[in-house]
Amino acid sequence: MKLQFKFSRIAIILIISILTSIVFASKVTGTVKQQGTTNTIQFATVSLLRTVDETIEMGQMTDSDGYFLFINVPNGEYRIQVKFIGFDPFWSLPFTIDDFQNTEKLFGDINIEQGIVAGEEVNVNAQKNMIEVKADKKVFNLDKLMATSGGTC
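Residues numbered from 1 in each chain as written. Predicted model: local features only at pLDDT ≥ 70, side-chain atom pairs only at ≥ 80, totals over all residues. Heavy atoms only, no water.

(A) The pattern of salt bridges, seen in detail. Scanning all chains against the criterion turns up three salt bridges. A salt bridge links Glu104 to Lys27; the nearest nitrogen and oxygen atoms lie 3.9 Å apart. Of this pair, Glu104 sits in strand E8 (residues 104-112) while Lys27 sits in strand E1 (residues 27-34), and the two are 77 residues apart along the sequence. The exposure class of Lys27 is partly exposed, given its relative accessible area of 31%. For Asp109, the salt bridge is made with Lys33, and the minimal N-O distance between the two is 3.3 Å. Note that Asp109 is positioned in strand E8 and Lys33 in strand E1, a separation of 76 residues in sequence. The class for Lys33 is buried, based on a relative accessible area of 18%. (Salt bridge = Lys/Arg side-chain N within 4 Å of Asp/Glu carboxyl O. Helix = DSSP H or I, 4+ residues; strand = E, 2+ residues; numbered from the N terminus. Buried < 20%, exposed > 50% of the residue type's maximum accessible area, 1.4 Å probe, protein only.)

Shown next as structure tokens:
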């Protein structure tokens with residue numbers, strides 16, 4: 001009877017500690033949207049970076065609603081970085097996660113701006129092959145033969 005009482009007591013303490021860690025787990029959340037619209041951006045890369053050395057503590061992609069969630073974030077000072085193809089990267093201001101006052105950081109909507117893709121002029125030079133083999137025929141491009149220049153068929 002005494003042994004059974006100890007096991008039930010240990011089980012209750014264990015359950016309470018697990019529930020407490022889930023309820024009071026530190027978290028960082030937000031939603032990524034396109035600036036100027038209500039469109040959410042799915043599959044954007046969100047990184048939680050330590051401000052001391054810019055190393056990535058955690059990372060994930062946004063879901064189909066543009067939402068991200070980091071749970072059980074260790075104590076420290078962090079920044080959020082959001083990247084997506086065709087958009088300018090977003091960097092948050094530094095924030096602190098600790099066990100006492102700052103157990104969560106709610107970003108709400110993070111609006112990222114569509115970027116401008118600038119490039120240099122590109123010249124494409126291509127030549128047809130003299131013989132093209134297709135599934136049902138062979139094509140001879142006679143304009144590649146020097147003997148046929150100016151001639152007629």
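(B) Broad picture of the pairing of strand E3 (residues 56-61). Sheet analysis places strand E2 (residues 45-50) next to E3, joined by five bridges and oriented antiparallel. When the bridges of E3 are listed, Leu48 appears paired with Met58. Taken together, E2 and the strand that follows it, E3, pair antiparallel across an intervening segment of five residues, in which Glu54 is found at a positive phi of about 60 degrees. (Pairing = 2+ DSSP bridges.)

(C) Structural context of a nonpolar patch on the surface. On the surface, Met130, Ile131, Val133, Phe140 and Leu142 cluster together into a nonpolar patch covering about 480 Å² of accessible area. With respect to the element layout, Val133 can be found in strand E9 (residues 131-133). Among the residues examined, Val133 registers a relative accessible area of 65% and is labelled exposed. (Patch = residues over 30% accessible without salt bridge, like charges linked within 9 Å, V, L, I, M, F, W, Y side chains within 5 Å. Areas by Shrake-Rupley, 256 points an atom, 1.4 Å probe, with all protein chains shown as cover.)

(D) Examining the packing of aromatic side chains more closely. By the definition in use, this model includes four aromatic pairs. Centre to centre, the rings of Phe84 and Phe87 are 5.8 Å apart; their planes meet at 50 degrees, and the pair counts as tilted. Classification of Phe84 by relative accessible area gives partly exposed; the value is 31%. Between Phe95 and Phe107 the ring centres are 5.5 Å apart and the planes differ by 80 degrees, which places this aromatic pair in the edge-to-face class. (Phe/Tyr/Trp six-rings, centres within 6.5 Å; stacked < 30°, edge-to-face > 60°.)

(E) How the structure looks around the sheet that holds E8. Across the sheet, three strands lie side by side as E4-E1-E8; this open sheet has mixed pairing. Strands at the two margins of the open sheet, each flanked by one partner only, are strand E4 (67-71) and E8. If you compare each strand with its neighbour and ignore which way they point, the axes differ by 15 degrees on average. Bridge analysis of E1 against E8 gives seven bridges, and the strand direction is parallel. Note that in E8 the partner of Gln34 across the bridge is Ile112. (Axes fitted to C-alpha atoms, helices over the stretch in contact; angles between N-to-C directions.)

(F) Structural context of the side chain of Ser47. When you line up the elements, Ser47 lands in strand E2. Apart from the residues lying within four places of it in its own chain, the contact partners of Ser47 are Ile56, Met58, Gly59, Phe70, Arg79, Ile80 and Gln81. (Contact = heavy atoms within 4.5 Å.)

(G) Representation of the environment of Ala25 in the model. For Ala25, the position within the fold is in the loop between helix H1 (2-23) and E1. We classify Ala25 as buried; its relative accessible area is 17%. The spacing of Ala25 and Thr103 is 78 residues in sequence and 7.1 Å in space, taken between C-alpha atoms.

(H) Region of the structure containing unusual backbone geometry. At Phe43, a position not held by glycine, the phi torsion is positive, near 70 degrees. Relative to the elements of secondary structure, Phe43 occurs in the loop between E1 and E2. In this model, Asn72 sits at a positive phi of 55 degrees, which is unusual for a non-glycine residue. Among the secondary structure elements, Asn72 is positioned in the loop between E4 and strand E5 (76-83).

The quantities given are spatial measurements derived from coordinates; they are silent on function.
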